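# Architecture and fold: a report
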Amino acid sequence: MLVGIVGKPSSGKSTFLNALTMVNAKVGDYPFTTKDPNRGTAYVRSPCVCKELNVEDTPKNSLCKEGIRYLPVQFLDVAGLVPGASEGRGLGNQFLDDLRQADVLIHVVDASGSLDAEGNQIDKGTWDPLDDVKFLEKEIDAWIKAIINRDYVTMKKKASAEKIKFSMLLHEKLTGLAIKKQTIEVSIREVGIIDDDANTWDEKLDELITTIREKAKPLVIVANKIDLPSSHKNFSKMKEELNSDVFPASSLAEVFLRTEQENSTLSYTPGDPSFKILDQEKLGDKKVELLEKINSDILQKYGSTGVQEILSHVIFNLFNMIVVFPVEDVSKFTDKSGNILPDAYLVPKGTTAKELAGKVHTDFAKNFIHGTLAPSGRRVGADYELQNNDIVKIVSAVK
Ligand SMILES: Nc1nc2c(ncn2[C@@H]2O[C@H](COP(=O)(O)OP(=O)(O)O)[C@@H](O)[C@H]2O)c(=O)[nH]1
Ligand SMILES: [Mg+2]
């Protein structure tokens, strides 16, 4: 699963990503960091089973701190989009390639309205952030339409002459964006196009493109810089007028809190509604004042800085993921090397024991015998649907 971050220059994409990638947990070196400068690893929070089992875990593929698991989620900083990109201005093709890879797009918007369409500083509060959201939606639709238009006439002829369905032709056409055939079929039905009657396509083509885009590349809107005075009003307006989910966030405040937590001047868990000052002297008057402001203007008002919550929303609400813990030894909850609860996997709700086996090792799925749940020792079959926080040993004919 790959989360794409989009937004005009200076909206705060890098700050948002920085906030999400900072995790102060002293656990060796992580194999998650990639060399690609446009990629990053963020960590979604989930309560860890170590607490109720009362064990000290030794996580490998994730991190655990004070009973909370931090599971890695890959992020992609999507190439800059400026007006006119679909007509070949700027980093057009790079954008399309990034769009293909992303399963969901987080749109970081400057909610304060202090940047023009291209990210240049203008008078505070003079830009309507709603325009940024509408622009991005329109721009992606324009890309998809341009791809379809290249062969639209031929597609229609072919459909009539050879009795081929629109969904089939569209799926072929849109392979470059990795859009599932089922998504196209459902969208066609939803807008009321008749799949094998080319005469019904024209009128609803634009609506169809928007519907496909909304399903294939869902957008989550971040009203960033919520700490600035002009942001609140704009955020309320966005929430009222947009169909997409809109979340308030202060990426800058989150970076600040995590930095001070690393400096041991604060006790703060990313995503929490509060923090505790540990070393007032080291912080100094200025930072203490700033912290008071963060507390009253952001945490008290919105419940958190928003950053961690957005990631949680994407993983657990939008994608309905659950967390499962594969182990080798169900009495000790360990892998072969004795690591306790080494791996935590994010899998879609509904994933079966056999499907999980395939994720652990392809051979395990082919030679699947049964699963054993820990600590109960209960045996489950191939079709058993995993539950959140299941600890499971995959028993297969391969060793
Ligand atoms: N006040 C405020 N400023 C922010 C916030 N997030 C980012 N910024 C500032 O906005 C500017 C652009 O941020 P950056 O992350 O580089 O934007 P990018 O071009 O989208 O990657 C920087 O000066 C940041 O410090 C925020 O939540 N609040
Ligand atoms: Mg940047």
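Residue numbers restart at each chain and count upward from 1, following the sequence in its written direction. For naming, the first written chain is A and the first written ligand is 1, with later ones following in the order written. With the structure being a predicted model, the display of local features is reserved for residues of pLDDT at least 70 and the display and counting of side-chain atom pairs for 80 or more, all residues being used for whole-chain, interface and lining totals. To get the side-chain values, take all heavy atoms of the structure and skip hydrogens and water.

### Brief notes about the site of ligand 1
Rules: Working definition: residue near molecule or strand if any one of its non-hydrogen atoms lies within 4 Å of it. For the purposes of these results, a polar contact is taken to be a pair of N or O atoms within 3.5 Å, where, inside protein, one atom must be able to donate a hydrogen and its partner to accept one; residues adjacent in sequence count only when each atom of the pair is a side-chain atom. Values of accessible area rely on a 1.4 Å probe in the Shrake-Rupley scheme; residue burial ignores everything except the protein chains shown. Helix and strand definitions here come from DSSP, where helices need a minimum of 4 consecutive H or I residues and strands a minimum of 2 consecutive E residues; each element is numbered from the N-terminal end. Residues are sorted three ways: Asp, Glu, Lys and Arg are charged, Ala, Val, Leu, Ile, Met, Phe, Trp, Tyr, Cys and Pro are nonpolar, and all the rest, Gly among them, are polar.
The local shell around ligand 1 holds 15 residues, among which S10, K13, S14, T15 and D227 are the closest. With respect to ligand 1, the backbone of S10 contributes an N or O atom lying 2.8 Å from an oxygen atom. Between ligand 1 and the protein, one listed contact pairs an oxygen atom with a side-chain N or O atom of S14 at 2.9 Å. Against a free-state accessible area of 580 Å², the protein chains account for coverage of 71% of ligand 1. The biggest single contributor to the shell around ligand 1 is helix α1 (residues 13-21), with three residues. Of the residues that constitute the shell around ligand 1, the class distribution is three nonpolar, eight polar and four charged.

### Focus: helix α8 (residues 205-216)
To keep things clear, this is the line we draw: Helices are assigned an expected span. That span is 1.5 Å times one less than the residue count. Three labels apply to residues, based on accessible area from a 1.4 Å probe with only protein chains included: buried if under 20% of the type maximum, exposed if over 50%, partly exposed otherwise in between. Only heavy atoms enter the contact rule, under which two residues are in contact if any of them lie within 4.5 Å.
Between its terminal C-alpha atoms α8 stretches 16 Å, which fits the 16 Å expected from twelve residues at 1.5 Å a residue. The complete set of buried residues in α8 reads L205, L208, I209, T211, I212, R213 and A216. Against the buried residues of α8 lie α4 (129-149), α5 (152-162), α6 (166-173), α7 (181-191) and β6 (219-224).

### Quick look at the packing of aromatic side chains
The line we're drawing: Two aromatic rings from Phe, Tyr or Trp, using only the six-membered ring of Trp, form a pair when their centres are within 6.5 Å; if the ring planes differ by under 30 degrees the pair is stacked, by over 60 it is edge-to-face, and anything between is tilted.
Tallying each qualifying case throughout the model produces two aromatic pairs. Between the aromatic rings of F166 and W201, the centroid separation amounts to 3.5 Å while the plane-to-plane angle is 10°, which identifies the pairing as stacked. Linking F166 in helix α6 with W201 in the loop between α7 and α8, this pair joins segments that are 35 residues apart in sequence. Judged by relative accessible area, which is 0%, F166 ranks as buried. Classification of W201 as buried rests on a relative accessible area of 0%. An angle of 80° between the planes, with centres 6.1 Å apart, marks the rings of F235 and Y302 as edge-to-face. Residue F235 is located in helix α9 (residues 231-241), and its partner Y302 is located in helix α11 (residues 280-302); the two are separated by 67 residues in the primary sequence. Classification of F235 as buried rests on a relative accessible area of 7%.

### Quick look at the packing of α1 against helix α10 (residues 251-262)
Packed helices, taken two at a time, are described by their axes: the angle between them and the distance between them. We count it as follows: Inter-axis angles, ranging from 0 to 180 degrees, are taken between N-to-C directions of lines fitted to C-alpha atoms, where helices are fitted over the stretch in contact. The crossing is said to be left-handed when, going from far helix to near helix, the turn is anticlockwise and less than a right angle, and right-handed when the turn is clockwise.
α10 packs onto α1 with a crossing angle of 35° between their chain directions and a minimal axis gap of 8 Å. The interaxial crossing formed by α1 with α10 has left-handed handedness. Residues T15, F16, N18, A19 and L20 of α1 touch α10, and the partners they reach there are S251, L252, E254, V255 and R258.

### Details of the domain arrangement of the chain
Convention followed: Each domain's extent was defined by an automatic or database domain assignment. When two parts are brought into contact, each loses some accessible area as probed by a 1.4 Å sphere; the total of that loss over both is the buried area. Salt bridges are defined as contacts in which a side-chain nitrogen from Lys or Arg sits within 4 Å of a carboxyl oxygen from Asp or Glu.
Splitting the chain by domain gives domain 1 (2-138 + 219-314) and domain 2 (323-396). Between domain 1 and domain 2, the C-alpha centre-to-centre distance is 32 Å. Contact residues are listed per partner, giving 19 residues for domain 1 and 14 residues for domain 2. Taken together, both faces of the contact between domain 1 and domain 2 bury some 1,300 Å²; the carbon and sulfur share is 64%. Considering only the surface of domain 1 that becomes buried against domain 2, V49, L53 and L71 emerge as the three largest contributors, covering 35% of it. One can count zero salt bridges joining domain 1 with domain 2. Inspection of the region where domain 1 meets domain 2 yields six residue pairs in polar contact (both at pLDDT 80 or more). When residues of the side of domain 1 that touches domain 2 are traced back to their parent elements, those giving at least two are β2 (39-47), α2 (50-53) and β4 (68-77).

### As for the environment of R39
For R39, the position within the fold is in strand β2. Using a relative accessible area of 27% as the deciding quantity, one classes R39 as partly exposed. The spatial distance from the C-alpha of R39 to the C-alpha of Q300 is 32 Å, given a sequence separation of 261 residues. At 2.6 Å, the side chain of R39 forms a polar contact with the side chain of Q101.

### Here's the deal with the state of the cysteines
In protein chemistry, a disulfide is the covalent bond that joins the sulfur atoms of two cysteines. Let me state the cut-off plainly: To count as a disulfide, a pair of cysteine sulfur atoms needs to be within 2.5 Å.
Tallying each qualifying case throughout the model produces zero disulfides. The thiol of C50 is unpaired, and the distance to the nearest cysteine sulfur, on C48, comes to 3.6 Å. C64 takes part in no disulfide bond, and the closest cysteine sulfur, belonging to C50, lies 3.9 Å away.

### Side note on the sheet that holds strand β14 (residues 390-396)
Applicable threshold: Pairing between two strands is assigned when DSSP locates at least 2 bridges connecting them.
Spatially, β11-β10-β14-β12-β13 is the arrangement adopted by the five strands of the open sheet, whose pairing is mixed. Lying at the two open borders of the sheet, with one neighbouring strand each, are β11 (345-348) and β13 (379-380). Note: strand β10 (residues 321-327) against β11, four bridges, orientation antiparallel. Directly across from V324, in β11, lies its bridge partner Y345.

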